[in-house]
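Working through the structure, step by step
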Amino acid sequence: MVISFLELLPAYKELKLELDAAWYRVMSSGWYLFGRELELFESEYAAYCGTKYCIAVGSGLDALHLALKAAVGEKGGEVIVPAHTYIATWLAVTQAGLQPVPVEPDEATCLIDVNRIEAAITPRTRAIIPVHLYGQPADMDAIMKIANRYGLFVLEDNAQAAGARYCGMRTGGLGHAAAHSFYPSKNLGAFADGGAVTTNDESLCRRVRMLRNYGSEKKYVHELQGMNSRLDELQAAILRVKLSRLDDWNKRRKQIAEIYNDEFGKLALMEGVQLSTPKQAGYADHVWHLYTIRHPSREALIGHLAQNGIQVQIHYPIPVHRCPAYLSGGRHSSWELPITDRICQTILSLPMGPHLSEAEARKVAAKVKEFLHDRKQAIV
Ligand SMILES: *Cc1c(COP(=O)(O)O)cnc(C)c1O
C-alpha cells in the first residue's frame, strides 16, 4: 500500500455530481469569462471571509502582486516579509517594484516573529505581508498594532489558510487586504490556477478590479497599466461547489492532525527532534494545510518512510534567501537568517488532506516512530 502525500482525485469523486453539473452549466451557457459564476463566487467568498469585497484573479501570486501594486503603487520602497515562506510572497514584492525585507520566524510556530518586525522597519518601509503558513494564522493583533503605529499597509498571504480563524475571526479579513490562492492542492482548490484579493477598502477594490483587466473599468478606457489576470467561469463554478465543503474538509484535516498529535504526543523527545507540528499559537484555529515535523536526520527519515511506501514533501528545502533567484545583488547575499536555515534543514511535511484515512495516518505515525526507535533518538 502506497500512501501519497496528497491525492486530488478523491475530492472530485466525492463531489462528482455537483461538479459535473457546474461544469455542464458553464459549458452550455456560451459565456466563459466575467459572468454570473464569477460574480456569485466573489460575493460568496467575500461573505465567507467577512469582507465587503472579493476580486478573483488568475493566481495567488497575482493576488499578492496586484494588491501590493494597487495599495503601494510604483513609488518604490521596502516590504517586510517572512524569511520562512514560499517564494511567491517575495516574488510579488519584487514584481511590484519593491524590496523584500525578510524577518525571521518564531521557531516554535514557524510564523513571522512579531518581536523582530519593528527592528526591520526603516523610513522606506511601506507594507508588511504576514503569511498564515501551513494553515496557521500569524499574530495579527500584534502586526496591526505595529502597522498602525508606522502607517504601513498589511496584506495577509492567506494562500495556505482558507477557513482559518484568529481570535474567532476568519483570516482574509484581518489585514487591510488579503491574497488567496486556489491552486489545486490548497485547502480551497480549483482545477487549475486561481486566486483572489479580499478587502473592505472600496478604492483598493476598484484598483485591483481594473488591474486584473488591462487597467480598465470601462471597455477600451485604460486608466492604469494593468494586466490580464482572470478567474474563468468554469473555475468560479467549481470553487462555489468546493467552498460549500471547505469547513467540513478543514474539519477532516483537523482530525488527521489530532491523530498525529496523539501518536507523537506520547513521545519524550531528545533535543533537536520536534515531532508534533510547530506549536500551535493559542489564538489560532489552524486549518492544517500541512502537518510538519522536524528531525535532524531528515533525509534518513524520508528514506525510511519511502521504503514503507509513504511519500512526504519538504516545505521548503531551500530558503528563499538562498535561492539563486535572490542570490544576485550585494545586499541580498548578506542576509543572515539562521532560524530559517535551521527550519529548512530539518522540516518535513507528512501526508495530509481531507481524504487521508485514519488508518493511513496511524500507519504514517507508526513508521515515523519505528525510525526513531531504531535510532534510539526518542524514547517512548
Ligand atoms: C501557494 C502559495 C502562493 C502562491 O499561490 P499560486 O496560486 O500558486 O500563485 C503564495 N503564497 C504562499 C504562502 C503559498 O503557499
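Refer to the preceding data block for the structure.
In this report, we go over the structure that sits alongside the text. (Residues numbered from 1 in each chain as written. Predicted model: local features only at pLDDT ≥ 70, side-chain atom pairs only at ≥ 80, totals over all residues. Heavy atoms only, no water.)

Extensive coverage of strand β5 (residues 153–157) is indicated by the burial of five of its five residues. Alternating positions in β5 separate into two faces, F153, L155 and D157 on one and V154 and E156 on the other, with burial throughout. Taken together, the two bridges between strand β4 (residues 125–128) and β5 define a ladder with parallel strand orientation. Paired with I128 across the bridge in β5 is V154. Each parallel crossover has a hand, and the one from β4 via helix α7 (residues 140–150) to β5 is right-handed. Taken together, the three bridges between β5 and strand β8 (residues 177–181) define a ladder with parallel strand orientation. Note that in β8 the partner of E156 across the bridge is A178. (Buried < 20%, exposed > 50% of the residue type's maximum accessible area, 1.4 Å probe, protein only. Helix = DSSP H or I, 4+ residues; strand = E, 2+ residues; numbered from the N terminus. Pairing = 2+ DSSP bridges. Right-handed = clockwise from strand over helix to strand, strands pointing away.)

Attention shifts here to helix α8 (residues 202–211). Those residues of α8 lying buried are L204, C205, V208, M210 and L211. On its buried face, α8 is in contact with β1 (53–57), α4 (60–72), β5, β8, β9 (195–199) and β10 (216–218). Its side-chain oxygen at 3.0 Å from the backbone nitrogen of S203, D201 defines the N-terminal cap of α8. (Contact = heavy atoms within 4.5 Å. Polar contact = N/O pair within 3.5 Å; in protein donor to acceptor, adjacent residues only side chain to side chain.)

Attention now goes to a nonpolar patch on the surface. On the surface, a nonpolar cluster with roughly 330 Å² of combined accessible area is contributed by W23, M27 and Y32. Examined against the element boundaries, M27 turns out to sit in helix α2 (residues 16–27). Since its relative accessible area comes to 42%, M27 is described here as partly exposed. (Patch = residues over 30% accessible without salt bridge, like charges linked within 9 Å, V, L, I, M, F, W, Y side chains within 5 Å. Areas by Shrake-Rupley, 256 points an atom, 1.4 Å probe, with all protein chains shown as cover. Salt bridge = Lys/Arg side-chain N within 4 Å of Asp/Glu carboxyl O.)

This part is about the sheet that holds β5. Judged by pairing direction, the sheet is mixed, and its seven strands sit side by side in the order β1-β9-β8-β5-β4-β2-β3 without closing on themselves. Of all the strands in the sheet, just β1 and β3 (99–103) have a single pairing partner and so form its edges. In this sheet, neighbouring strand axes are inclined to one another by 25° on average, regardless of whether the strands run parallel or antiparallel. Bridge analysis of strand β2 (residues 78–82) against β3 gives five bridges, and the strand direction is parallel. When the bridges of β3 are listed, I80 appears paired with V101. Helix α3 (residues 36–49) contacts β1, β8 and β9 of the sheet and is inclined by roughly 130° relative to β1. Sheet contacts for α8: β1, β5, β8 and β9; angle to β1, the most-contacted strand, approximately 15°. (Axes fitted to C-alpha atoms, helices over the stretch in contact; angles between N-to-C directions.)

In this section: the site of the ligand. Around the ligand lies a shell of 14 residues, among which G60, D157, Q160, S181 and K186 are the nearest. One of the side-chain nitrogen or oxygen atoms of D157 is found 2.8 Å away from a nitrogen atom of the ligand. The fraction of the free accessible surface of the ligand (380 Å²) that becomes covered by protein chains is 90%. Elements supplying a minimum of two residues to the shell around the ligand: α4 and α5 (87–95). Top element by residues in the shell around the ligand is α4. It accounts for three residues. Residues belonging to the shell around the ligand are distributed by class as follows: six nonpolar, six polar and two charged. (Near = heavy atom within 4 Å. Nonpolar A, V, L, I, M, F, W, Y, C, P; charged D, E, K, R; others polar.)

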